[in-house]
Amino acid sequence: MNACILVVDDEPDIRRICRILLETGGYTVLEAATGAEAVEQVRQHPELDLILMDIMMPELGGYDACSRIRSYSTAPVLFLTAKTQEGDKRRAYDSGGDDFLAKPFSHAELMMKVESLLRRYRVYTVSYTHLRAHE
């Protein structure tokens, strides 16, 4: 199954690198340059399987965008950020994030985290749907 991933970062170079890596891995990639764009993209594409979200963006930052997205989407959120203090990580998880990857990151580590989150999301979604069908 070809997963659809939204890459959210105000830096065009980061979006481009992520797009190249993910498309090479066989994923479909959408992009957003701001948190507000991300919120709208997720509304328009409920089929999204994963969101890669920067934290520090102008206007609507990653924490707030993630909190808004959580009101209507369960797609996992992987924060990509230079903010690596424990308090930053806590805030990322508290806003609804599922994992955290510090910039600069290795291409291999990004792909491992993407694959892990997608695998867990699919297994839990299928298991939950299967359990609900048998209630």
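Look up: the structure comes first, before these words.
Just so we're clear, the structure is a prediction, and the values are computed from it rather than from any experiment. (Residues numbered from 1 in each chain as written. Predicted model: local features only at pLDDT ≥ 70, side-chain atom pairs only at ≥ 80, totals over all residues. Heavy atoms only, no water.)

Residue position: Leu101 is located in strand E5 (residues 99-102). For Leu101, a relative accessible area of 2% puts it in the buried group. A C-alpha to C-alpha distance of 9.8 Å links Leu101 and Asp54, two positions 47 residues apart in sequence. With residues near it in sequence (within four places) discarded, Leu101 still touches Leu78, Phe79, Leu80, Thr81, Glu109, Leu110 and Lys113. (Helix = DSSP H or I, 4+ residues; strand = E, 2+ residues; numbered from the N terminus. Buried < 20%, exposed > 50% of the residue type's maximum accessible area, 1.4 Å probe, protein only. Contact = heavy atoms within 4.5 Å.)

Moving on: the packing of helix H2 (residues 35-44) against helix H3 (residues 62-70). As a packed pair, H2 and H3 sit with axes 9 Å apart at the nearest point and diverge in direction by 15 degrees. As judged from the angle between their axes, H2 and H3 are roughly parallel. As H2 packs across H3, the resulting crossing turns out to be right-handed. Seen from H2, the contacting residues are Gly35, Ala38, Val39 and Val42; seen from H3, they are Ala65, Arg68 and Ile69. For the contact of H2 with H3, the class distribution of residues is 5 nonpolar, 1 polar and 1 charged. (Axes fitted to C-alpha atoms, helices over the stretch in contact; angles between N-to-C directions. Parallel < 35°, antiparallel > 145°, perpendicular 65-115°, else oblique. Left-handed = near helix turned anticlockwise from the far one by under 90°. Nonpolar A, V, L, I, M, F, W, Y, C, P; charged D, E, K, R; others polar.)

On to the pairing of strand E3 (residues 50-54). The side chains of a regular strand alternate, residue by residue, between the two faces of the sheet. Taken across its 5 residues, E3 has 5 buried, putting it largely inside the fold. Side chains Leu50, Leu52 and Asp54 of E3 all project onto a buried face; the interleaved residues Ile51 and Met53 project onto the opposite face, where all are buried too. Bridging between strand E1 (residues 4-8) and E3 involves 4 bridges; their strand directions are parallel. Among the inter-strand pairings, Val8 is bridged to a residue of E3, identified as Met53. (Pairing = 2+ DSSP bridges.)

Omega for the peptide link from Lys103 to Pro104 comes to -5 degrees, which places this bond in the cis form. Counting through the fold element by element, Pro104 comes out in the loop between E5 and helix H5 (107-133). A positive phi angle, near 65 degrees, is found at Glu59, a position not held by glycine. Structurally, Glu59 is set in the loop between E3 and H3.

Let's shift gears to H3. Buried within H3 are the following residues: Gly62, Tyr63, Ala65, Cys66 and Ile69. The buried residues of H3 occupy an angular sector of 165 degrees when projected down its axis, which confines them to one face. Lining the buried residues of H3 we find H2, E3, strand E4 (77-81) and helix H4 (86-94). (Arc of directions from axis to C-beta.)

In terms of nonpolar packing, the biggest core is built from 22 residues, with Leu6, Val8, Ala38, Ile51, Met53, Ile69 and Phe79 touching the most fellow members. Secondary structure elements with two or more residues in this core: E1, H2, E3, H3 and E4. Among the elements that make up this core, the one with the highest residue count is H3 (4 residues). Leaving out residues up to four positions away in the same chain, Val8 has contacts with Ala32, Thr34, Ala38, Ile51, Leu52, Met53, Asp54 and Met57. Of all hydrophobic cores here, the second largest spans 19 residues; its members include Ile5, Val29, Leu50 and Leu101. (Core = buried A, V, L, I, M, F, W, Y, C linked by side-chain atoms within 4.5 Å.)

Listed as buried for H2 are Gly35, Ala38, Val39, Gln41 and Val42. Looking straight down H2, one finds that the buried residues subtend no more than 165 degrees of arc, so they occupy a single side. Facing away from the buried side of H2 by over 90 degrees, the exposed positions are Arg43 and Gln44. If you follow the buried residues of H2, they end up packed against E1, strand E2 (28-32), E3 and H3.

Limitation: the analysis is restricted to geometry and does not speak to function.
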